[in-house]
Amino acid sequence: DDPKNCYYRASMKYAQALFAEAISLAEKCIAGNPNPYPKLYGIEGYAYNRLGDSVKAKAAFESYFQKGDTSQIGMGDYATYASVLLKFPGNDTLAGKYVDKAVELDTLEANKLTYLTNIASYYVMQKNYKEAADWYSKILKVRKDTRKTDLFNAGNNYAKAKEFPAAIEVFDQYIQKFPNESMGYYMNARNYLNIDSTDAEGKGLAYYNKIVDMADSIKDKPGEKERIKYSLQYLIEYSANVKKDKAASLAYVDRGLALDSTDAEFKNMREVISNANFSAPRNQSPKQDKPATPKAGSKPSAEKPNATKQPADSGNK
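Reading guide: rules and limits
- Residues numbered from 1 in each chain as written.
- Predicted model: local features only at pLDDT ≥ 70, side-chain atom pairs only at ≥ 80, totals over all residues.
- Heavy atoms only, no water.
- Helix = DSSP H or I, 4+ residues; strand = E, 2+ residues; numbered from the N terminus.
- Buried < 20%, exposed > 50% of the residue type's maximum accessible area, 1.4 Å probe, protein only.
- Contact = heavy atoms within 4.5 Å.
- Phe/Tyr/Trp six-rings, centres within 6.5 Å; stacked < 30°, edge-to-face > 60°.
- Lys NZ or Arg CZ within 6 Å of the ring centre and 35° of its normal.
- Axes fitted to C-alpha atoms, helices over the stretch in contact; angles between N-to-C directions.
- Parallel < 35°, antiparallel > 145°, perpendicular 65-115°, else oblique.
- Left-handed = near helix turned anticlockwise from the far one by under 90°.
- Nonpolar A, V, L, I, M, F, W, Y, C, P; charged D, E, K, R; others polar.

Let's talk about the overall build of the protein chain
Next up, step 1: Tallying secondary structure elements over the protein chain gives 17 helices and 0 strands in all.
Next up, step 2: Burial analysis of the protein chain (317 residues in total) assigns 49% to the buried set.

Written as structure tokens, this is what we have:
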């Protein structure tokens, strides 16, 4: 019997979701031939993986990759073996190598994106945000029409890894592709302030000003109102604590209340700033003489929960 025929019979069992039978038949084929067809080990690996036996799946794929010719190993083999390897500590580098190989061999964009997203998601679960960002960044090179979520996932994970220059580079791309949305400006304002909390070059300030300038045109879009509010809070604090400009501070407060008249933070800011003495010496009681706001360059006291929420991809292709 041709070894390949034995493989085809095992493959049929696998295709019918008869995974245990596929394994049994593959084992008989391997045992009955001194030179079994290498892809039989692959069938075993796939079937064990579907049955949830990662240990045996890993052993079977190891045999397949050792005995099989590279011309026989396809993109799905590399991707599946990589997913199995990621279940075992210490195999991340090899898994990444095989994902790259799968991406290289596959001709379908959708498949490439699946391979990359899967390993990026794995690193997010491991809270290894730098690696996650690196893999999400590969998606930017693969997808022909970059999406908001592609850019956000790469940039946000760089930021979470405290790789702020890399995060800035990605969100600069976001700004270029989606200039009429606040997300790119907002995230880079935060990134610049994380690099320099004093914002000596005024880059964070410039981005918050940009968001406020475009507020009227974006305020009714999902997520935008929270980023506008946060930007206004920063400008209120900057005007109060750095410029010592009471009128400017109150003007920004009024813009916040015009945006949301029920916002408790803006109401409190208006009361505190209205009663503050901006011309008093700096060493007097903070409660009496300074607005009760954070120091310039710091983040507003309560960040809006939806401000950094992953954007939806509708209407951006």
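On we go from here.
Section: the environment of Ile-73
Next up, step 1: Its location among the elements puts Ile-73 in the loop between helix 4 (54-67) and helix 5 (75-85).
Next up, step 2: Expressed as a C-alpha distance, the spacing of Ile-73 and Lys-39, which sit 34 residues apart in the sequence, is 8.3 Å.
Next up, step 3: Apart from residues lying up to four places away in sequence, Ile-73 is in contact with Tyr-64, Phe-65, Gly-68, Tyr-78 and Leu-105.

With respect to the side chain of Asn-156
Next up, step 1: Along the chain, the position of Asn-156 falls in helix 9 (residues 148-160).
Next up, step 2: Not counting residues up to four positions away in its chain, the partners in contact with Asn-156 are Phe-171 and Met-187.

Considering the packing of aromatic side chains
Next up, step 1: Counted by the stated rule, this structure contains 22 aromatic pairs.
Next up, step 2: Ring centres 5.2 Å apart and planes at 55° place the aromatic pair Tyr-14 and Phe-19 in the tilted group.
Next up, step 3: For Phe-19, a relative accessible area of 11% puts it in the buried group.
Next up, step 4: A centroid spacing of 6.0 Å and a plane angle of 45° characterise the contact between Tyr-185 and Tyr-207, whose relative ring orientation is tilted. With Tyr-185 in helix 11 (residues 183-195) and Tyr-207 in helix 12 (residues 203-213), this pair connects stretches of sequence that are 22 residues apart. Each member of the pair, Tyr-185 together with Tyr-207, is buried.
Next up, step 5: Members of the aromatic cluster, each reached through a chain of ring pairs, are Tyr-14, Phe-19, Tyr-46, Phe-61, Tyr-64, Phe-65, Tyr-78, Tyr-81 and Tyr-98.
Next up, step 6: Over the face of the ring belonging to Trp-135 we find Lys-138, whose NZ or CZ atom lies 3.9 Å from the ring centre.
Next up, step 7: The ring centre of Phe-178 lies 5.8 Å from the NZ or CZ of Lys-148, which sits over that ring.

Some remarks on the side chain of Asn-153
Next up, step 1: With respect to the secondary-structure elements, Asn-153 resides in helix 9.
Next up, step 2: With a relative accessible area of 15%, Asn-153 lands in the buried category.

Quick look at the packing of helix 9 against helix 10 (residues 164-177)
Next up, step 1: Interaxial distance between helix 9 and helix 10 falls to 7 Å at its minimum, and their mutual angle equals 160°. Accordingly, the angle class assigned to the pair helix 9 and helix 10 is roughly antiparallel. Both helix 9 and helix 10 take part in a crossing whose hand is left-handed. Taken together, the residues of helix 10 that come into contact with helix 9 (itself represented by Lys-148, Leu-151, Phe-152, Ala-154, Gly-155, Asn-156, Tyr-158 and Ala-159) are Phe-164, Ala-166, Ala-167, Val-170, Phe-171, Gln-173 and Tyr-174.
Next up, step 2: Among the residues forming the contact of helix 9 with helix 10, the class breakdown is 11 nonpolar, 3 polar and 1 charged.

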